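Structural overview
As a plain string of letters, each chain reads:
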Protein chains: 2
Amino acid sequence: MARAVTLAESTRPEDREQIDQILDEIVARKPASSIRVGISGAPGAGKSTLIESLGRHLLDLGHRVAVLAVDPSSGRSGGSILGDKTRMPTLSTSTEAFVRPSPAGRSLGGVARATGAGVLLCEAAGFDVILVETVGVGQSETAVSDITDLFLLLIAPAAGDDLQGIKRGVMELADLIAVTKHDGDLKTIAETTASAYAGALSLLRPKHGGYQVQTHMVSGLDGSGITELWEQIRSTHERMASSGLLDSIRAAQNETAFWAELMANVQDAHIEAAANDRSLGELVELVSRGSRHPRSAAREFWDRTH
Amino acid sequence: MARAVTLAESTRPEDREQIDQILDEIVARKPASSIRVGISGAPGAGKSTLIESLGRHLLDLGHRVAVLAVDPSSGRSGGSILGDKTRMPTLSTSTEAFVRPSPAGRSLGGVARATGAGVLLCEAAGFDVILVETVGVGQSETAVSDITDLFLLLIAPAAGDDLQGIKRGVMELADLIAVTKHDGDLKTIAETTASAYAGALSLLRPKHGGYQVQTHMVSGLDGSGITELWEQIRSTHERMASSGLLDSIRAAQNETAFWAELMANVQDAHIEAAANDRSLGELVELVSRGSRHPRSAAREFWDRTH
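A brief structural summary. It should be emphasised that the depicted structure is a prediction, and the values quoted were computed from it without experimental measurement. (Residues numbered from 1 in each chain as written. Chains lettered and ligands numbered in written order. Predicted model: local features only at pLDDT ≥ 70, side-chain atom pairs only at ≥ 80, totals over all residues. Heavy atoms only, no water.)

**Thoughts on the overall build of chain A**
This is how it is decided: Only DSSP runs of H or I covering at least 4 residues are called helices, and only runs of E covering at least 2 are called strands; the numbering of each starts at the N terminus. Working definition: with a 1.4 Å probe on protein chains only, accessible area under 20% of the residue-type maximum means buried, over 50% means exposed, and in between means partly exposed. Residue burial considers only the protein chains on display, and all accessible areas are found by Shrake-Rupley using a 1.4 Å probe.
In terms of helices and strands, chain A carries 13 helices and seven strands. Here chain A, with 306 residues, has 54% of them falling under the buried criterion. As displayed, chain A has an accessible area near 12,700 Å², and 52% of this comes from carbon and sulfur atoms.

This is how it looks when you write it as structure tokens:
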């Protein structure tokens, strides 16, 4: 498993060919599908604790759980949030769970494409729940929602003026919201936070017709709310599957991934070409500064390289 | 002007070459820049009335105003919202204003790229305020925000349960919100609506650091709030310009546009190739159904066409 995922993360041409073949065999075999859940939250929202707690619940229910990550900064910062596996002691040691840190370095697109392949590999290996977490830097939530069925947003309790934690754009993606740390001293604040977000969400149209975003309260510490949260995820997923929504979401994701791969090929080829004549970098620089118009610059580069 | 914009909308190779040359000359000359404002709102939010009212105010202040549109459905429905110029009597007849319906047909990307070129053409012709409206179908707001400096979201007054009009994702883009129809019988409801959205917005991080989204109330009918709304747009734009934020936004937009143009070239080339062997359509179909993995499919197509 881990070796296959490493292949998917590789940029070496011979690795690419090998993993492409494996992926094609997998999709041809149509392995049992999984429930793919994206999970995001600001630093301190309690992602690791929630994932460990939810994962333990899933193992108890007999599921096999894979935890993947999309963290484009992991290459630079020297370790993703999942690098420290001690934060998820049960999941890290269970034979029924697979925990994999984010692929290192490269662009967000590259990281997301590798993780997307990782989802398929995990399914082929028999994992029936895949959790894909992201640290929520920049556009990484969008990348995660492009490879998952449902998106769970975690929010830490906060009072009054501190209630500004949620990133714009993430609101758009969330299928469920869970306010964490609903325990001990933070219990009341968690409840206030949950009702504030529930109110704000009521001003937004559902992401998919008929699927109003629900706000949950959970505690990774004492496990309260975890059963209800999973039940909500499971039943929503079931409804999505039976209504045909899941199929259409995944079909659209596949098509998006195809164009992203094609674009990656284009960029790779152009970057390779540019490595020789440096003209692409100069052109992008001119375009960025507004000295060349994007249209003619793109046309010029295209004509020269084709 | 209108002829140049028509050239920019054309897909004929000889028109493309001509307009590309014009656009390159324009960016080389660096004409006076404009305030570029994206405007969106659900049907019935009062876009035309607001644009006419705001435009009249701008003409009074001595500005020259261009109104462009991004409406990917205009080709199909047979006429964009701006097709009916009678909705903007002053702007449609003033020599200091230029009103242009959305380019017809094609993809959203194609429409947006043509309108992006239109923005530059209008600036070169001396228009110093460019309003780009969109009907708000699907991803068109994102496309508009990729070619404008600021994004104004219009919301119609609504009470209680009807307060669900705002599209997710649009929240992410808005720099300003204006609740329309703040007049007559709707005045109180407009105020309730404005305060509900102001509350919801306080839960979101600012789009750019330090620029909290303001909620205004306006009436296109009696003109109340229009002066304040414009003053807010103008002063925000000024701060963006002096802080360097505007330059970095436009640089990023230029770079995005470059890759979009390059991708459009790729797609055109591939669609052309596919028109002969039909393999692209089949491949996308297989990928979409999940019978082929996007990676190997993209690689196969790329290898065959290069």
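Further notes follow.
**Regarding the pattern of salt bridges**
Defined as follows: Counted as salt bridges are all cases of a side-chain nitrogen of Lys or Arg within 4 Å of a carboxyl oxygen of Asp or Glu.
One pass over the structure, following the stated rule, counts 32 salt bridges over all chains. Arg 16 of chain A is paired through a salt bridge with Asp 20 of chain A; the nearest N and O atoms lie 3.8 Å apart. Pair noted here: Arg 16 of chain A and Asp 20 of chain A are both in helix H2 (residues 13-29), with a separation of four residues, about one helical turn. A relative accessible area of 13% places Arg 16 of chain A in the buried class. Residue class for Asp 20 of chain A comes out buried when judged on its relative accessible area of 7%. Where Arg 295 of chain B meets Asp 20 of chain A, a salt bridge forms, and the shortest distance between an N and an O atom there is 2.8 Å.

**Some thoughts on the interface of chain A and chain B**
How big an interface is tends to be expressed through the accessible area that disappears when the partners come together. To keep things clear, this is the line we draw: In this description, contact between two residues means that some pair of their heavy atoms is separated by no more than 4.5 Å. Defined in terms of a 1.4 Å probe, buried area is the accessible area two parts forfeit on being brought together, summed over both. Residues adjacent in sequence count toward polar contacts only when both atoms are side-chain atoms; beyond that, a polar contact is any pair of N or O atoms within 3.5 Å, and within protein one must be able to donate a hydrogen and the other to accept it. Polarity classes work like this: nonpolar for Ala, Val, Leu, Ile, Met, Phe, Trp, Tyr, Cys and Pro, charged for Asp, Glu, Lys and Arg, and polar for all others, with Gly in that last group.
Taken residue by residue, the interface counts 65 residues in chain A and 66 residues in chain B. Summed over both partners, the interface of chain A with chain B comes to about 6,300 Å²; 60% of that surface belongs to carbon and sulfur atoms. Scanning the region where chain A abuts chain B turns up 14 residue pairs in polar contact (both at pLDDT 80 or more). For the side of chain A that touches chain B, the secondary structure elements donating two or more residues are H2, helix H6 (108-124), helix H8 (170-173), helix H9 (187-201), helix H11 (245-277), helix H12 (279-289) and helix H13 (294-305) of chain A. Residue classes in the side of chain A that touches chain B are distributed as 35 nonpolar, 15 polar and 15 charged.

**Let's talk about the nonpolar core**
Our working definition: Only buried Ala, Val, Leu, Ile, Met, Phe, Trp, Tyr and Cys residues count toward a nonpolar core, and they belong to the same one when joined by side-chain atoms within 4.5 Å.
Within the largest apolar cluster, 74 residues are counted, with the highest numbers of intra-cluster contacts made by Leu 121, Ile 130 and Val 132 of chain A together with Leu 121, Ile 130 and Val 132 of chain B. Excluding residues within four positions of it along the chain, Val 132 of chain B makes contact with Val 37, Gly 38, Ile 39, Leu 68, Val 70, Thr 115, Val 119, Val 144, Ile 147 and Thr 148 of chain B.

**Considering the relation of the copies chain A and chain B**
Formally: Least squares is the method for superposing the copies, and the C-alpha atoms it fits come from residues with pLDDT of at least 70 in both.
Aligned on chain B, chain A shows an RMSD of 0.1 Å; the corresponding rotation is 180° and the shift along the axis is 0.0 Å. Given the turn and translation reported, the copies of this chain are related as if by a two-fold rotation axis. Ranked by how close their C-alpha atoms come to the rotation axis, the residues of chain A are headed by Ala 200 of chain A, at 2.4 Å. Both copies contact each other with a shared surface, as 100% of the interface residues of chain A are interface residues in chain B too.

**Thoughts on the sheet that holds strand S2 (residues 65-70) of chain A**
Residue and element names in this part refer to chain A. Put simply, the rule is: Should DSSP find at least two bridges between two strands, the strands are regarded as paired. The angle between two axes is taken between their N-to-C directions and runs from 0 to 180 degrees, where each axis is a line fitted to C-alpha atoms and a helix contributes only its stretch in contact.
One open sheet accounts for seven strands, arranged S3-S2-S4-S1-S5-S6-S7; its pairing is parallel. Sheet topology places strand S3 (97-99) and strand S7 (214-217) at the edges, where each strand pairs with a single neighbour. For this sheet, the mean inter-axis angle between neighbouring strands, taken without regard to orientation, is 20°. Across four bridges, strand S6 (residues 176-179) lies against S7 in parallel orientation.

**So, the side chain of Glu 52 of chain A**
All names here are of chain A. By the secondary structure assignment, Glu 52 is in helix H3 (residues 47-60). Judged by its relative accessible area of 5%, Glu 52 is buried. Residues contacting Glu 52, with those up to four places away along its chain left out, are Arg 87, Met 88, Pro 89, Thr 90 and Leu 91.

**Some words on the environment of Asp 149 of chain A**
Residues and elements named next belong to chain A. Structurally, Asp 149 can be placed in the loop between helix H7 (140-145) and strand S5 (150-155). What Asp 149 contacts, discounting residues up to four positions off in sequence, is Ser 34, Ile 35, Arg 36, Asp 175, His 237, Met 240, Leu 246 and Arg 250. A distance of 2.8 Å separates the side chain of Asp 149 from the side chain of His 237, its partner in a polar contact. Among the polar contacts made by the side chain of Asp 149, one reaches the side chain of Arg 250 at a distance of 2.7 Å.

**Things to note about the side chain of Ser 40 of chain A**
Along the chain, the position of Ser 40 of chain A falls in strand S1 (residues 35-41). Only 3.0 Å separates the side chain of Ser 40 of chain A from the side chain of Glu 141 of chain A, close enough to count as a polar contact.

**Focus on helix H10 (residues 226-243) of chain A**
All names here are of chain A. This is how it is decided: For a helix, the expected span equals 1.5 Å multiplied by the number of residues minus one. What the arc describes is the spread of directions from the helix axis to the C-beta atoms.
Taking 1.5 Å as the rise per residue, H10 with 18 residues should run 26 Å; its terminal C-alpha atoms sit 26 Å apart, in good agreement. Among the residues of H10, those classed as buried are Ile 226, Leu 229, Trp 230, Ile 233, Thr 236, His 237 and Met 240. Axial view of H10: buried residues confined to an arc of 130°, hence all on one face.

**So, unusual backbone geometry**
In this structure, Lys 181 of chain A is a non-glycine residue whose phi angle is positive, near 55°. Mapped onto the fold, Lys 181 of chain A is located in the loop between S6 and H9.

**Considering the environment of Arg 250 of chain B**
Residue and element names in this part refer to chain B. When you line up the elements, Arg 250 lands in helix H11 (residues 245-277). Classification of Arg 250 as buried rests on a relative accessible area of 14%. A C-alpha to C-alpha distance of 21 Å links Arg 250 and Trp 230, two positions 20 residues apart in sequence. Ignoring anything within four residues of it in the chain, the contact list for Arg 250 reads Ser 33, Ser 34, Arg 36, Glu 123, Asp 149 and His 237.

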